Amino acid sequence: MTDSSSTSAIETVNISMTYRSGKVEVPALSNVNLTVNHGEFIAVMGPSGCGKSTLLHLLGGLMQPTSGKVIIDGIDISKLTDAERTAVRRNKIGYVFQRFNLLPTLSAKGNIELAKKIHGNGHLAHNGVSGILNMLGLSEKINFRPAELSGGEQQRVAIARAVVNRPSIVLADEPTGSLDSRNSRNVLQMLRDLNEKLNQTIVMITHDSEAASVASRVIEMKDGQILYPPSKFSYEPEFERLY
Ligand SMILES: Nc1ncnc2c1ncn2[C@@H]1O[C@H](COP(=O)(O)OP(=O)(O)OP(=O)(O)O)[C@@H](O)[C@H]1O
Ligand SMILES: [Mg+2]
């Protein structure tokens, strides 16, 4: 077993990813080295097409890098079989997709319970599904279907679904991308609560400077690489006030 006190939550070693569509090769990531400590809340920013979603997919074990290693909680997932990688994903990772991917015929509660049934690993966050819905301010909407919920509410259900099994790592791809500012703030507050109260490690992709400002660290990407050190971002409140 791994000793989470001495390992990082996530570590990538020289990961590169080249997509192939037909004869065309599309390089999406090149030699990315990233270490995320337990309990960190990281925002990933950068222009469209720079490789953010590709990086998140690799961190989540949704696909394999062309080269390099992804180490989750001390486990090198690049060495695992598909089945073993799926098991690590189920036990340790909650994934929030940009499009909520909720099942339309199930209620909010049903969507979350289904995730628990499929991915259940025996642990249940707080006092179960109701506890999570409460925490997300959704307790009155548990029987509503996605079509009867606002975008922000659907996103909160999607986040509830991702965290119901209490993963130690939450990966969120533009969770506020399609929300208005009030719903964005709710979703961000929720992610911050999960990070602070449940000590979950969070990696969140965002284009939004306000969203990035809730993170403890911001990583900037460009052309398939992480920029070290990051350039001056407009998300910094001081910067915004100046201009
Ligand atoms: N399945 C795929 N097949 C071929 N090329 C792909 C595939 N997915 C992504 N790409 C390419 O890889 C590069 C990085 O894409 P990625 O989706 O990681 O960017 P991104 O930073 O998330 O962009 P955005 O901010 O627009 O979501 C782009 O050039 C994209 O066209
Ligand atoms: Mg993307």
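Right above here is the structure, for reference.
Cut-off values and rules
Residues numbered from 1 in each chain as written. Chains lettered and ligands numbered in written order. Predicted model: local features only at pLDDT ≥ 70, side-chain atom pairs only at ≥ 80, totals over all residues. Helix = DSSP H or I, 4+ residues; strand = E, 2+ residues; numbered from the N terminus. Buried ≥ 20, exposed ≤ 12 C-beta atoms within 10 Å, placed from the backbone. Core = buried A, V, L, I, M, F, W, Y, C linked by C-beta atoms within 7 Å. Contact = placed C-beta atoms within 7 Å. Axes fitted to C-alpha atoms, helices over the stretch in contact; angles between N-to-C directions. Parallel < 35°, antiparallel > 145°, perpendicular 65-115°, else oblique. Left-handed = near helix turned anticlockwise from the far one by under 90°. Nonpolar A, V, L, I, M, F, W, Y, C, P; charged D, E, K, R; others polar. Near = placed C-beta within 6 Å. Pairing = 2+ DSSP bridges.

Asks: Lay out unusual backbone geometry with the relevant residues and their values.
Replies: Backbone phi values are negative for most residues with the exception of glycine, while trans is the configuration of most peptide bonds. Phi at Asn14 is positive, roughly 50°, even though this residue is not glycine. Its location among the elements puts Asn14 in strand 1 (residues 10-21). In the Ramachandran plot, Asn199 falls in the positive-phi region, its phi being about 55° despite a non-glycine side chain. Along the chain, the position of Asn199 falls in the loop between helix 6 (181-197) and strand 8 (201-205). Classification of Asn199 as exposed rests on a count of 10 C-beta atoms within 10 Å.

Asks: So what about the nonpolar core? Which residues, and what values?
Replies: Ile42, Val44, Ala160, Val170, Leu171, Ile202 and Val203 are the most contacted members of the largest nonpolar core, which totals 61 residues. A total of 6 residues in this core trace back to one element, the largest contributor, which is helix 5 (residues 151-163). Setting aside residues no more than four positions away along its own chain, Leu171 makes contact with Leu56, Leu59, Gly60, Ile93, Tyr95 and Val203.

Asks: Mind laying out the packing of helix 5 against helix 6, listing which residues take part and the relevant values?
Replies: At a closest axis distance of 9 Å, the pairing of helix 5 and helix 6 adopts a crossing angle of 15°. The angle between helix 5 and helix 6 places the two elements in the roughly parallel class. Crossing geometry of helix 5 relative to helix 6 is assigned as right-handed. Contacts between helix 5 and helix 6 pair Gly151, Gly152, Gln155, Arg156, Ile159 and Val163 from the former with Asn183, Asn186, Val187, Met190 and Leu194 from the latter. Residues that form the contact of helix 5 with helix 6 fall into these classes: 5 nonpolar, 5 polar and 1 charged.

Asks: Describe the site of ligand 1, listing the residues and the values that go with them.
Replies: In the vicinity of ligand 1, the contacting residues are Tyr19, Ser21, Val26, Ala28, Ser48, Gly49, Cys50, Gly51, Lys52, Ser53 and Thr54. Of all the elements in the fold, those that place two or more residues in the shell around ligand 1 are strand 1, strand 2 (24-36) and helix 1 (52-59). Per-element accounting of the shell around ligand 1 gives the leading share, 3 residues, to helix 1. Here the residues of the shell around ligand 1 sort into 4 nonpolar, 6 polar and 1 charged.

Asks: Could you give an account of the sheet that holds strand 8, naming the residues involved and the relevant values?
Replies: Within a beta sheet, neighbouring strands are joined by backbone hydrogen bonds and run either parallel or antiparallel to one another. Pairing is mixed across the open sheet formed by 6 strands, whose spatial order is 6-7-8-3-9-10. Looking at the sheet topology across the chains shown, the edges are occupied by strand 6 (93-96) and strand 10 (225-227). The average undirected angle you get between the axes of adjacent strands in this sheet is 25°. In this structure, strand 3 (residues 41-45) lies alongside strand 9 (residues 217-222), joined through 4 bridges in parallel fashion. When the sheet's bridge partners are listed, Met45 is paired in strand 9 with Glu220. Its contacts with the sheet put helix 5 on strand 6 and strand 7 (169-173), and the angle it makes with strand 6 is roughly 165°.

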